[in-house]
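Residue-level structure breakdown
Read off the chains here:
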Amino acid sequence: MLGFIKKGLEKTLGAIKETLPEKVQKIDKQILEEVLLESDVPYDTIEEIIYYLPPQKSVGREDVKRVLKSYFAYDNNATKAEAIKPPFVELIIGVNGAGKTTTIAKLANNYKKDGKSVMLGASDTFRAAAIEQLKIWSEKIDVPIVYTQQGHDPSAVAYDTICSAIAKKIDHVIIDTAGRLHNHANLSNELKKIARICNKAYEGAPHRKILVLDGTQGNSCVNQAKAFNEIVGIDALIITKLDGTAKGGSLFGIARELKLPILYVGVGEGRDDLIPFSADEFIDTILDAMFVSNNG
Ligand SMILES: Nc1nc2c(ncn2[C@@H]2O[C@H](COP(=O)(O)OP(=O)(O)OP(=O)(O)O)[C@@H](O)[C@H]2O)c(=O)[nH]1
Ligand SMILES: [Mg+2]
């Protein structure tokens, strides 16, 4: 997996290179501030990073790494599939266009590659095209799907998907949801109802409510995430479209504000473009663009 996150961070690394054309042994804190700002680390986070660095004017890689890593130093409390008697049920939530449906296909593809069986539930019944899009993906990656007609009750789809998965001894259920309804109250009631009905179909489900955030929106994701968290309680995040943005630094702000585990990042539109997120690898990739390596 090593090196894969670099593909998703190309634009962010490009922005760093523009601010800091030559890699350094030690970085001047003022330059570091500019580099971080350029990659969309929020300003209050930058001020905090600078505050926690040693008092000298220039600092080394390990000092910067220690501070950057502290933003991801919280427990990943999200339930793991291994801890659950199958099916492991995941509800995928997020505003329209965030990348939910594509991410579901990528997740299903990952699980399949691990030898697990998957069933999809098309609970975005608001748009006919949404059902069709998930159906097309289900055919492409060859996993079963439960769907209904546009306008039907999304909770009923979730219920049927889970019951069918239990009967067929499927390992993973992934449920799509609508990103937009007639109004906010509708959306929030619907999401709550879907979660409730999942629990009726299988006690404890959904085991993970994953919020999908569009990485190209940078820091503006944070308020969106807070709103969804208030509605249904989010367990984990997936950040999509990292490949399409120079705003990779916004992940520090997202981690700092939300303290939710980032499970994966999306780095392209294909089924294989979902990479498990590792804070170490993410930070090292960014630092590699700033510091000369010790081996020469
Ligand atoms: N470059 C890139 N594009 C992505 C990524 N993830 C999703 N997309 C694209 O973003 C667009 C929207 O993705 P969808 O999966 O349809 O988003 P959605 O959240 O399901 O949208 P709604 O169903 O309208 O709520 C599509 O064109 C995807 O191909 C990613 O990681 N990288
Ligand atoms: Mg969708």
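What comes next concerns the included structure.

Cut-offs and rules
- Residues numbered from 1 in each chain as written.
- Chains lettered and ligands numbered in written order.
- Predicted model: local features only at pLDDT ≥ 70, side-chain atom pairs only at ≥ 80, totals over all residues.
- Helix = DSSP H or I, 4+ residues; strand = E, 2+ residues; numbered from the N terminus.
- Rg over C-alpha atoms; globule rule 2.2 N^0.38 Å.
- Buried ≥ 20, exposed ≤ 12 C-beta atoms within 10 Å, placed from the backbone.
- Contact = placed C-beta atoms within 7 Å.
- Expected span 1.5 Å × (residues − 1).
- Near = placed C-beta within 6 Å.
- Nonpolar A, V, L, I, M, F, W, Y, C, P; charged D, E, K, R; others polar.
- Pairing = 2+ DSSP bridges.
- Core = buried A, V, L, I, M, F, W, Y, C linked by C-beta atoms within 7 Å.
- Right-handed = clockwise from strand over helix to strand, strands pointing away.

A few words on the overall build of the protein chain. Across its full length, the protein chain holds twelve helices and ten strands. For the protein chain, the C-alpha radius of gyration of 20 Å lies close to 19 Å, the compact-globule estimate for 296 residues. Residue burial in the protein chain is summarised as follows: out of 296 residues, 46% are buried. Taking the intrachain contacts of the protein chain between residues at least 6 apart in sequence as the baseline, contacts between residues at least 24 apart amount to 76%.

Here helix H6 (residues 100-113) contains 14 residues, and its C-alpha end-to-end distance of 20 Å stays within 8% of the 20 Å for a straight helix at 1.5 Å per residue. Across the 14 residues of H6, eleven count as buried, placing the element largely inside the fold. Gly115, located one to two residues past H6, shows a positive phi value of around 85°.

Another aspect to go through is the site of ligand 1. The environment of ligand 1 is formed by 20 residues, the closest being Asn96, Gly99, Thr102, Gly179 and Gly266. Per element, the largest residue contribution to the shell around ligand 1 is three residues, and it comes from H6. Of the residues in the shell around ligand 1, the class split is three nonpolar, eleven polar and six charged.

Attention now goes to the environment of Ala156. Here Ala156 shows up in helix H8 (residues 154-167). A count of 15 C-beta atoms within 10 Å places Ala156 in the partly exposed class. Considering only alpha carbons, one finds Ala156 and Ala201, 45 residues apart in sequence, at a separation of 9.9 Å.

Along the chain, Thr285 turns up in helix H12 (residues 279-288). On the neighbour-count criterion, Thr285 (21 C-beta atoms within 10 Å) is buried. Remark: the alpha-carbon pair of Thr285 and Phe4, spanning 281 residues in sequence, is separated by 10.0 Å. Apart from residues lying up to four places away in sequence, Thr285 is in contact with Ile5, Lys6 and Leu9.

Where burial is concerned, most of strand E3 (residues 88-93) is hidden: six out of the six residues are buried. Along E3, one buried face is formed by Phe88, Glu90 and Ile92 and the opposite face, lined by Val89, Leu91 and Ile93, is buried too. Bridge analysis of E3 against strand E6 (residues 172-177) gives four bridges, and the strand direction is parallel. The partner of Val89 across the bridge, within E6, is Val173. Direction of pairing for E3 relative to strand E7 (residues 208-214): parallel, over a ladder of four bridges. Paired with Ile92 across the bridge in E7 is Ile210.

Our focus in this paragraph is the nonpolar core. Ala108, Leu120, Ile162, Ile174, Cys198 and Val265 are the most contacted members of the largest nonpolar core, which totals 86 residues. The contacts of Val265, once residues within four sequence positions are left out, are Ile5, Gly8, Ile239, Leu242, Ile275 and Phe277.

With respect to burial, E7 is a largely interior element, seven of its seven residues being buried. Both faces of E7 are covered, namely the face carrying Arg208, Ile210, Val212 and Asp214 and the face carrying Lys209, Leu211 and Leu213. Relative to strand E8 (residues 236-240), E7 runs parallel, the two being bridged by five bridges. The residue bridging Asp214 from the neighbouring strand is Thr240, located in E8. The parallel pair E7 and E8, bridged by helix H10 (residues 221-232), forms a crossover whose chirality is right-handed.

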